[in-house]
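# Architecture at a glance
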Amino acid sequence: MNLEIKGIHYAVTERTTEQIEKKVKKLDFASDMIVDMLFRIERDKGIYAISTNINFRWGLSHHIKVENHDLYDGIDAIIEKIRNKVSKEKEKIQDHSEKV
């Protein structure tokens with residue numbers, strides 16, 4: 001799984017990168033399903049908008065976005081949303097393969 005982190009009006013620090021990489025490890029259960037993830041962190045008037053595009057190996061793509069005043073709380077929130085989305089996709093794939 002490729003991971004890319006970009007900042008818009010925010011300089012991505014090493015601490016931020018480490019935090020995202022650490023949290024993304026929670027998705028190891030589905031690492032074979034995800035081709036790449038692009039995180040965008042945008043800061044505007046003290047609010048962080050964290051968004052991600054997830055590309056699955058079967059061509060499906062999802063966009064998830066979270067806004068928060070605290071960057072690290074926002075990272076936790078978006079990782080939780082990603083985990084839920086990936087779990088649902090994994091269940092769909094398993095349901096389809098069982099029917100075949």
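Counting restarts for each chain, with residues numbered from 1 along the sequence as it is written. This being a predicted model, a pLDDT of at least 70 is required before a residue's local features are given, and a value of 80 or more before pairs of side-chain atoms are given or counted; all residues contribute to the totals for chains, interfaces and linings. Side-chain metrics in this entry use all non-hydrogen atoms of the structure; hydrogen atoms and water are not considered.

The next thing to look at is the sheet that holds strand β3 (residues 47-56). By the convention used here, strands pair only if DSSP detects at least 2 bridges between them. By definition, any uninterrupted DSSP run of H or I lasting at least four residues is a helix, any uninterrupted run of E lasting at least two residues is a strand, and each is numbered from the N terminus. Spatially, β1-β2-β3-β4 is the arrangement adopted by the four strands of the open sheet, whose pairing is mixed. Where the open sheet ends on each side, the last strands, each with one partner, are β1 (2-8) and β4 (61-68). For this sheet the average axis-to-axis angle between neighbouring strands, irrespective of direction, equals 15°. The sheet contact formed by β3 and β4 spans eight bridges and is antiparallel. Looking across to β4, one finds that Asn-53 is bridged to His-63. We call two residues in contact whenever any of their non-hydrogen atoms come within 4.5 Å of each other. Axis geometry follows a simple rule: fit a line to the C-alpha atoms, using only the stretch in contact for helices, then measure angles between N-to-C directions, giving values from 0 to 180 degrees. With respect to the sheet, helix α1 (residues 14-24) is in contact with β1 and β2 (34-44), its orientation differing from that of β1 by roughly 140°.

What follows covers the pairing of β3. Think of it in three bands: residues with accessible area under 20% of the maximum for their type are buried, residues over 50% are exposed, and the middle band is partly exposed, with areas taken using a 1.4 Å probe on protein chains only. Counting buried positions over the ten residues of β3 gives seven, a clear majority of the element. Relative to β3, β2 runs antiparallel, the two sharing ten bridges. In the strand pairing of β3, Asp-36 is matched with Asn-55. Hairpin remark: β2 followed by β3, antiparallel, with two residues in the connecting loop; positive phi at Lys-45, about 55°. From the end of β3 to the start of β4, which pair antiparallel, there are four residues, and Gly-59 there has a positive phi angle of about 95°.

Two aromatic rings, taken as a pair, are described by how far apart their centres are and by the angle between their planes. For Phe, Tyr and Trp, rings pair up if their centres lie within 6.5 Å, where Trp contributes its six-membered ring, and each pair is then called stacked (planes under 30 degrees apart), edge-to-face (over 60) or tilted (otherwise). Applying the stated criterion across every chain, the model contains two aromatic pairs. For the ring pair Tyr-10 and Tyr-48, a centre distance of 5.8 Å and an interplane angle of 90° mean the geometry is edge-to-face. Separated by 38 residues along the polypeptide, Tyr-10 in the loop between β1 and α1 and Tyr-48 in strand β3 bring together distant segments of the chain. The pair formed by Tyr-10 and Tyr-48 is uniform in burial state, with each residue classed as buried. Here the aromatic rings of Phe-56 and Trp-58 are separated by 5.0 Å at their centres, their planes lie at 20°, and the arrangement is stacked. Taking relative accessible area as the criterion, Phe-56 reaches 3% and is therefore assigned buried.

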